Amino acid sequence: MRVTQSMMTRTLISNLNKGRESMSTSQSIMSTGKNLQSASDDPVKYATTTRYKETYSQNEQYQKNILDAKGWVDTTSSILNDIYSNVLSAKDLAYSAADSSSSTEELETMADQLEGFISEIYSLTNSKYLGKYLFSGTRTVEDKPFDYDGSTVDYIGNEGKITRRISEGYDATINISGDEIMNTDVFENLISLRDAMLAGDRSAISDSIGALEQSAQDILSIQSKTGSLSNLLDMTNNRLEVANTNLSSLISELEDADLTEVIAQYNSNELAYQAALQATSSVLNLNILDFL
Amino acid sequence: MYNSMIKSSSYKNKDDLAEHQFQQNQPLHFRFGLPGFESLREFRVINKKEIAPFAILQSLDEPRVSMIIINIKYLPVQKQIRRVLMDANRITPEKLRKIDVYVILKVSADKQRLTANAKAPLLIDWERLAGQQLVLERDDLPLEYHLNKV
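Residues numbered from 1 in each chain as written. Chains lettered and ligands numbered in written order. Predicted model: local features only at pLDDT ≥ 70, side-chain atom pairs only at ≥ 80, totals over all residues. Heavy atoms only, no water.

A.B. asks: What is the right way to read the nonpolar core from this model?
C.D. replies: Nonpolar side chains in soluble globular proteins tend to be buried together. The biggest cluster of nonpolar side chains holds 52 residues, and the ones touching the most others in it are Ile83, Val87, Leu114, Phe135, Phe146, Leu190 and Met197 of chain A. Among the elements of the structure, α2 (43-98), α3 (104-125), β3 (146-148), β4 (153-155), α5 (186-199) and α6 (202-255) of chain A are those that each provide at least two residues to this core. No other element matches α2 of chain A, which puts 14 residues into this core. Among all residues touching Ile83 of chain A, those that are not within four sequence positions of it are Ile121, Leu124, Thr125 and Ile219 of chain A. Residues Ile70, Ile72, Leu96 and Val103 of chain B belong to the second largest nonpolar core, which totals 23 residues. (Core = buried A, V, L, I, M, F, W, Y, C linked by side-chain atoms within 4.5 Å. Buried < 20%, exposed > 50% of the residue type's maximum accessible area, 1.4 Å probe, protein only. Helix = DSSP H or I, 4+ residues; strand = E, 2+ residues; numbered from the N terminus. Contact = heavy atoms within 4.5 Å.)

Right, dumping it as structure tokens:
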């Protein structure tokens, strides 16, 4: 078969285009560091990598939820600790008041101090975190959950649970609703003690000490719950961090090209391309004089 | 660097060595999977001379899941990891002597460093053919412990 000049030219151009395409792929791999450009490169591998990347993103979202939850839970724990401290101080006051040597004036002074503790605890139970009431159940942006008129404290929040999804299929309840605090009878016991002091009723004052002790223990118990939850959030976050480290190790191996290999391949393609260019140049530089 | 850290075999006789090598070729059961791969329970540790002291943790459930690992005995951070395993996780020194502890490696984002996950070592009990990746609740053990430049 006769090999014409045009056949040679077409063959050379075809080889050039193949060389450019190959180089382009290698260049693309080098610039992105990834040898999985699209699903058509390796569909199964691509699907696997996509699945793991989705898991990675989901884990990152869980970690964000945990961060949000931690802020709420740790603030709650801190406030409960302050309430507990106030109740202990009130109990100490009760011991002093129960002492028969305290005068009526001294009892009145202690009652005033006790009123200070009640106001402080009332203020703490109406605390907010990022603009939302901490102890109101799910009524976080409406009116204050606790209302004090000087003689009684009413809870007007609800028992709703605030949850955050912290791992697949697991929603953690992060709030303590106000009814749990009301169930400790802390306000009732403090107000009773105050009234007993004002009345000079030492028997009632003595009786209140045991009641306050129980309220303090109940508040401590609630605080322990938040402490455990905080630990759980930390542990879950650590596990998610490790999971994502494992996932990124694997995604990296599946996707990222062995750069040494890619560079070697690129250099090999470039040499072939340059050789093809030189050959083409020789062919296309032919002129009539070469045929004479 | 790592060749100089490889220690000679401490087995009493050839039979012990052969037994250990046989065990090392058996599938390992990871009761809880690995974090991120909780559904994968069966793995093998593949040791090859060409990549020593590194090894490969290969999933038998999902062929595409394999990771490069190294025994902590080759790493300066091994003492810290062992101490945490004994203190915080109540693994006795006797038990620790009977298991191998590995860490999973990865290449850093800038492709310049090899890092090991010292915060979550792999514990392999060759007698029971069981493994577990333990997440250590310690801030002083890093997720990316730098081994060396690649």
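A.B. asks: Just to check I follow, could you spell out the pattern of salt bridges for this structure?
C.D. replies: Two side chains bearing opposite charge may form a pair once their charged atoms approach each other closely. Throughout the structure, instances matching the rule amount to 14 salt bridges over all chains. A salt bridge links Arg194 of chain A to Glu115 of chain A, with the nearest nitrogen and oxygen atoms 2.7 Å apart. Residue Arg194 of chain A is found in helix α5, and its partner Glu115 of chain A is found in helix α3; the two are separated by 79 residues along the sequence. Residue Glu115 of chain A is classed as partly exposed on the basis of its relative accessible area, which comes to 23%. Taking the shortest distance from any N to any O, the salt bridge between Arg128 of chain B and Asp125 of chain B comes out at 3.7 Å. For Arg128 of chain B, a relative accessible area of 60% corresponds to the exposed category. On the basis of relative accessibility, which here comes to 6%, the residue Asp125 of chain B falls in the buried class. Ionic contacts of the salt-bridge type, sharing partners, join the residues Lys70, Asp74 and Asp234 of chain A into one network. (Salt bridge = Lys/Arg side-chain N within 4 Å of Asp/Glu carboxyl O.)

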